[in-house]
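Commentary on secondary and tertiary structure
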Amino acid sequence: MKFFLDTANLEEIRQAVAWGLCDGVTTNPTLVVKEGREHKAQILEIAKMVTGPISVETITNDADEMVRQGVAYATWAPNVVIKVPMTPHGLQACRRLRERGIPVNVTLTFSANQALLAGKAGATFVSPFVGRLDDIGHDGMQVVRDAVQIVRNYGFETQVLASSLRHPLHVTTAALAGAHVATMPFKVLEQLFKHTLTDVGQERFLADAAKLQAELEKHKARV
Ligand code: E4P
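Here the structure is a predicted model, which is why all the values come from computation and not from measurement.

**A look at the sheet that holds strand S7 (residues 159-162)**
Sheet strands pair via backbone hydrogen bonds, and the direction of the pair is either parallel or antiparallel. If you walk around this closed barrel you meet the eight strands as S1-S2-S3-S4-S5-S6-S7-S8, and the pairing is parallel. Shown here is a sheet whose adjacent strand axes are inclined to one another by a mean of 30 degrees, direction ignored.

Set out below in structure tokens:
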């Protein structure tokens, strides 16, 4: 499973890259605006750090304009992936961008049928939004499971990118569902490392090693 970081924050990306756990990045207007810098400038900074796919969202409802923006974004860095919304215009733009060889991430996907449409439109990635579905009392992960099954059934090259993940259990269930990619906030990535028994066990090992070292030094001093 590939791990993408769902952020436009450079420090978070730098840390995840250092851990070897940043296979790509997903951004959206909400994430970029938080960083207080112009869209293109921020993406160019991210592209200096990340060699994997960087999703950059188009900002329009119109297919022609999405294609225009997508073609422009694709010149920013060789690993830019164009995000289009799961709408008739978005899927039309997806098909046209794919015909030009530009990778596309179909975002704002909330149902299995929408994932099927993205597969048929030749999307590189389809992004079911798990957390936002959970928020309204649906089983968001079921859309991931269904999407994985659908792309398998028909041999679509589309990768299922489990999105809107809010906690470590979302990552586990997305992995069990066979999602090709999970994109997560930095906080969730950090949480994946955590287990109380790991912390307690490591503390004890270090304390015992220090005790042993002290014993050896005492013994050396005696002889
Ligand atoms: C990823 O591409 C999406 O933009 C993101 O996962 C949305 O997450 P949210 O529902 O937490 O905003």
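**Observations regarding helix H4 (residues 63-73)**
Residues of H4 that are buried include every one of Ala63, Met66, Val67, Gln69, Gly70 and Tyr73, and no others. Considered in projection along H4, the buried side chains sweep an arc of 170 degrees and stay on one side of the axis. Contact partners of the buried residues in H4: helix H3 (39-49), strand S3 (54-57), strand S4 (80-85) and helix H5 (88-99). Regarding H4, its N-cap is Asp62, as a side-chain oxygen of that residue lies 3.2 Å from the backbone nitrogen of Asp64 further along.

**Overview of the site of the ligand**
Neighbouring the ligand are Asp6, Thr26, Asn28, Lys83, Phe129, Arg132, Ser163, Ser164 and Arg166. A distance of 2.7 Å separates an oxygen atom of the ligand from a polar atom in the side chain of Ser164. Contact between the ligand and Arg166: an oxygen atom at 3.0 Å from a side-chain N or O atom of the residue. For the ligand, whose accessible area on its own is 340 Å², the fraction buried by protein is 85%.

**Looking at unusual backbone geometry**
The backbone of Leu108 sits at a positive phi, close to 55 degrees, despite the residue not being glycine. For Ser164, which is not glycine, the phi torsion reads 55 degrees and is therefore positive. On the secondary structure map, Ser164 appears in the loop between S7 and helix H9 (168-177). Judged by relative accessible area, Ser164 falls into the buried class, the value being 9%.

About the cut-offs
- Residues numbered from 1 in each chain as written.
- Predicted model: local features only at pLDDT ≥ 70, side-chain atom pairs only at ≥ 80, totals over all residues.
- Heavy atoms only, no water.
- Pairing = 2+ DSSP bridges.
- Helix = DSSP H or I, 4+ residues; strand = E, 2+ residues; numbered from the N terminus.
- Axes fitted to C-alpha atoms, helices over the stretch in contact; angles between N-to-C directions.
- Buried < 20%, exposed > 50% of the residue type's maximum accessible area, 1.4 Å probe, protein only.
- Arc of directions from axis to C-beta.
- Contact = heavy atoms within 4.5 Å.
- Polar contact = N/O pair within 3.5 Å; in protein donor to acceptor, adjacent residues only side chain to side chain.
- Near = heavy atom within 4 Å.
- Areas by Shrake-Rupley, 256 points an atom, 1.4 Å probe, with all protein chains shown as cover.

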